[in-house]
Structures are given as C-alpha cells and as structure tokens.
Amino acid sequence: MHNKLEKFMTEKITIIDERLHQLLSPIDVSTTLKSAMTYSVDAGGKRIRPLLVLATLEDLGVESVDAVTVACAVELIHTYSLIHDDLPSMDDDDFRRGKPTNHKVYGEAVAVLAGDALQALAFDGLTRLKSTPAEQVVRIIQLLTEAAGAQGMVGGQMLDMEGEAKPLTLTEMETVHVHKTGALLSFSIEAAAILANLNEEKTQKLKEYAWNIGLAFQIKDDILDITATTEELGKTAGSDSLSDKSTYPSLLGLDGAEERLAAHHQRAIDSLEFLGTNDSLLALFADYIVHRKS
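In short, a report on the structure. A quick note: this is a predicted structure, and the numbers were derived from the prediction, not measured.

1. Some thoughts on the overall build of the protein
Point 1. Of regular secondary structure, the protein possesses 15 helices and two strands.
Point 2. A compact globule built from 294 residues should have a C-alpha radius of gyration of about 19 Å, and the protein, at 18 Å, falls within 12% of that.
Point 3. With the principal axes as the frame, the protein shows a C-alpha extent of 50 × 50 × 35 Å.
Point 4. A buried classification covers 50% of the 294 residues belonging to the protein.
Point 5. The contacts of the protein with a sequence gap of at least 6 include a subset with a gap of at least 24, amounting to 75%.

2. Some remarks on the packing of helix α2 (residues 31–41) against helix α6 (residues 108–126)
Point 1. For the pair α2 and α6, interaxial distance at closest approach is 9 Å and the crossing angle is 75°. Classed by the angle they form, the pair α2 and α6 counts as roughly perpendicular. Facing T32, L33, A36, M37 and V41 of α2, the residues of α6 in contact are V110, L113, A114, A117, L118 and L121.
Point 2. Among the residues forming the contact of α2 with α6, the class breakdown is ten nonpolar, one polar and no charged.

3. Some details on the packing of aromatic side chains
Point 1. Counted under the stated rule, the structure contains three aromatic pairs.
Point 2. With a centroid separation of 6.4 Å and 85° between ring planes, the pair formed by F8 and F285 is classed as edge-to-face. On the criterion of sequence distance, the pair formed by F8 in helix α1 (residues 3–24) and F285 in helix α15 (residues 281–291) is long-range, its members being 277 residues apart.
Point 3. Under the relative-accessibility criterion, F285 is labelled buried at 0%.
Point 4. Each member of the aromatic cluster is reached from another via a ring pair, and the members are F8, F285 and Y288.
Point 5. We note R292 situated over the ring of F217; from NZ or CZ to the ring centre the distance is 4.1 Å.

4. Remarks on the environment of W211
Point 1. Mapped onto the secondary structure, W211 falls in helix α11 (residues 200–227).
Point 2. If sequence neighbours within four positions are ignored, W211 has contacts with V178, S186 and H264.

The rules behind these values
- Residues numbered from 1 in each chain as written.
- Predicted model: local features only at pLDDT ≥ 70, side-chain atom pairs only at ≥ 80, totals over all residues.
- Heavy atoms only, no water.
- Helix = DSSP H or I, 4+ residues; strand = E, 2+ residues; numbered from the N terminus.
- Rg over C-alpha atoms; globule rule 2.2 N^0.38 Å.
- Buried < 20%, exposed > 50% of the residue type's maximum accessible area, 1.4 Å probe, protein only.
- Contact = heavy atoms within 4.5 Å.
- Axes fitted to C-alpha atoms, helices over the stretch in contact; angles between N-to-C directions.
- Parallel < 35°, antiparallel > 145°, perpendicular 65-115°, else oblique.
- Nonpolar A, V, L, I, M, F, W, Y, C, P; charged D, E, K, R; others polar.
- Phe/Tyr/Trp six-rings, centres within 6.5 Å; stacked < 30°, edge-to-face > 60°.
- Lys NZ or Arg CZ within 6 Å of the ring centre and 35° of its normal.

Pasting the structure below:
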C-alpha cells in the first residue's frame, strides 16, 4: 500500500471509530441490542466507504466538521446490510470479517433488530449535522435513502437473490452490482461533493469514478472468492461457487475478469484528471481496491 494512503487510513479510521462509538453511546433501552450493534460495528472491516467521503474532501481541499458524521452514516448502513446479508434466510454465512456473524452470536431475531437499529442510527446522525446548510442536509439524506433502499443497495440485493436461480448475462450482473455494491460507494463520493459545493461538471467526473470503482470492487471480490483463502477473506471462500452465483470469472474466465478489472480501474483514474495530480487519495484508493488481498 502507498505510504500516503496508509497514513491517511490509519489516521482517519481512528477518527471514524471514535465517532461511531459516540453515535452508539446514547443507546440505553436494551443492553443486548446495544451489544449486538456494537459487535458488528467493531468487527473490523476496511472502512472504505467512510474513508472515501473523507478522501474526496481532502482531494478537493475542503474541510467540513460534518464530514465524519456523514462518513459514519454510510458505514452504519453498510454494517446493517452485512448483518442482514449473513442471515440464514439470505446468504447464510457463519463468518464475517474473521469473526462469527452477528446471528451466530446473538441469534437471528436480535441480529435483525440490530441491523434495523443501525439503519435508523445512520439517518439520526445525518439529522444532527452542525454546520451544513439545511438544503444540503436534505440532499444528503435523500441521496442515502436512494443508495440504501429499493433503488439502490436493497434493490441490488433483491436482483442478486433472484439471479441465483438462473444464469445472468454480463449486463444483468452489472446491474446487480451497480446497485448492491456500487450504490453506497457512489453515495460516499457524491455526499462529499455536496459538502464541498462542487460544480456539476466536476461532480459528474466523480460520479464516473464512483461507478467504475464500484464495479472494480465487485470484480475483485469475485476474483478473491476463488483465489483467496477463508483466513485471508475473513469469510467463507468459494461461497459464490457453492451458491451457483453468476460471477465475473464464471462468465469471462479468470483472465477476462482481470482484464475487465484493469479497464474499470483505468477509467476511474482517467475521470480524476481534473484534480491535476497523479497521487490523489482517490487514485490511490482505486489502486488499493484492485490490488487488495482480501
């Protein structure tokens, strides 16, 4: 990993984790519920989505006291989605981020409620932004509802479930991943553009970047599912093959998937030309996404 990116991630993850705990702190109705919520929030993970919010603002040279809260909102949505995604009625996974999944520790009912509560907490946090104009707050909340809901992540999860029963074309599979994986990644970039008051032309370039890294992220996940071990992934390796899912390697072969990964990576880098530098944090994140080992 590039030294600049490693330093940024180390510094910002600490700040993100502190803010996540601040958001969780007031919960006092049920110690079991709070414990289950905290368990998954603290389970680790790369924090890529919240880091992208902060990286975008840093590349744009903009400071916002609300940026970390916005970053945490998308991480809370992501964490809730993983809890639900791991349930027996969904992907039925026993491990996530190298630890037993939430329902394995707390039971299915508590896991469902923990996910529900994390989703609500994300939006609660956005209603408490301190310095962002109300109009921008509403836009960010609207953007997250679209990214997280039926038009975004949840819609992609539904398409993914429906696609398990049949082979998908490449176009159909990309539609799944643009929604299921790409929507929250895009939110991270676009929310930062709103906080930065970025003009439409530059915002569109960032949207192109987000679209391409969203697909690159999923292609890399598909490749790792067949090339990495369970220990490296922190979840069950080979699960896509076991569930008969359509994946980039199954449709294009491993070499074809690698070629498509490289193409999306290059398009993402090209869309950042307006930043005027070759080592922007967003460019380094694109490199990290395609070269990661887990």
